[in-house]
Each structure stands twice: as C-alpha cells, then as structure tokens.
Amino acid sequence: MNEDLTFLVLHQLQANPKQTQLQRSQAIGISAGRTNDVVRALIVEKPDPTPI
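Now for a description of the structure that goes with this document. (Residues numbered from 1 in each chain as written. Predicted model: local features only at pLDDT ≥ 70, side-chain atom pairs only at ≥ 80, totals over all residues. Heavy atoms only, no water.)

Comments concerning the overall build of the chain
Worth spelling out the cut-off: The helix count covers DSSP runs of H or I at least four residues long, the strand count covers runs of E at least two residues long, and both are numbered beginning at the N terminus. The buried label goes to any residue with under 20% of its type's maximum accessible area, the exposed label to any with over 50%, and the partly exposed label to all in between, with areas taken from a 1.4 Å probe on protein chains only. In what follows, a contact means two residues having at least one pair of non-hydrogen atoms within 4.5 Å. Each accessible area value is a Shrake-Rupley result obtained with a 1.4 Å probe; residue values ignore everything except the protein chains displayed when judging cover.
Of regular secondary structure, the chain possesses three helices and zero strands. Start at the N end of the chain and walk to the C end: the helices and strands fall as α-α-α. Buried residues in the chain amount to 23% of all 52 residues. Contacts spanning at least 24 positions in sequence make up 38% of the contacts within the chain whose residues lie at least 6 apart. Summing over all exposed atoms, the chain offers an accessible surface of approximately 4200 Å²; the carbon and sulfur share of this is 56%.

The structure is reproduced here in structure tokens:
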C-alpha cells in the first residue's frame, strides 16, 4: 500500500472523524473504493499493543 495515501487517509480521519467516506475520498482526490481499501488495510494491519 502506498504510504503517502495511507498518511492522507489517516490525516483526514484525524482532522474530520465524522466525515463520510465519500467526503473523505473527495477531499483526498481518490475514489471511494480506494479509500475503503486503505481504511480496511489499516484496520487489519493495526500493530499489536503488547511487544514481544
């Protein structure tokens, strides 16, 4: 996944947490489907809070 795109999505999530996914994708300039892919990947790839 593109790290720049991930950063943009995270920035939008933090700046506007109540923003819809369509609004978020329009603000970033990507499709709603691509935004959905990035958000889903972030949920799946969240770091484990307990270090080994």
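A look at the side chain of Thr35
Among the structural elements, Thr35 can be located in helix H3 (residues 32–44). Discounting chain neighbours no more than four positions away, the residues touching Thr35 are Gln21, Arg24, Ser25 and Ile30.

Regarding helix H2 (residues 21–28)
We count it as follows: Throughout, the arc means that of the directions going from the helix axis to the C-beta atoms.
Considered for burial, the residues of H2 that qualify are Arg24, Ser25 and Ile28. Looking down the long axis of H2, one finds its buried residues gathered within 95 degrees of arc, a one-sided arrangement. Tucked into the core, H2 has its buried residues touching helix H1 (3–15) and H3. Trailing H2 by a residue or two, Gly29 shows a phi angle of about 95 degrees, which is positive.

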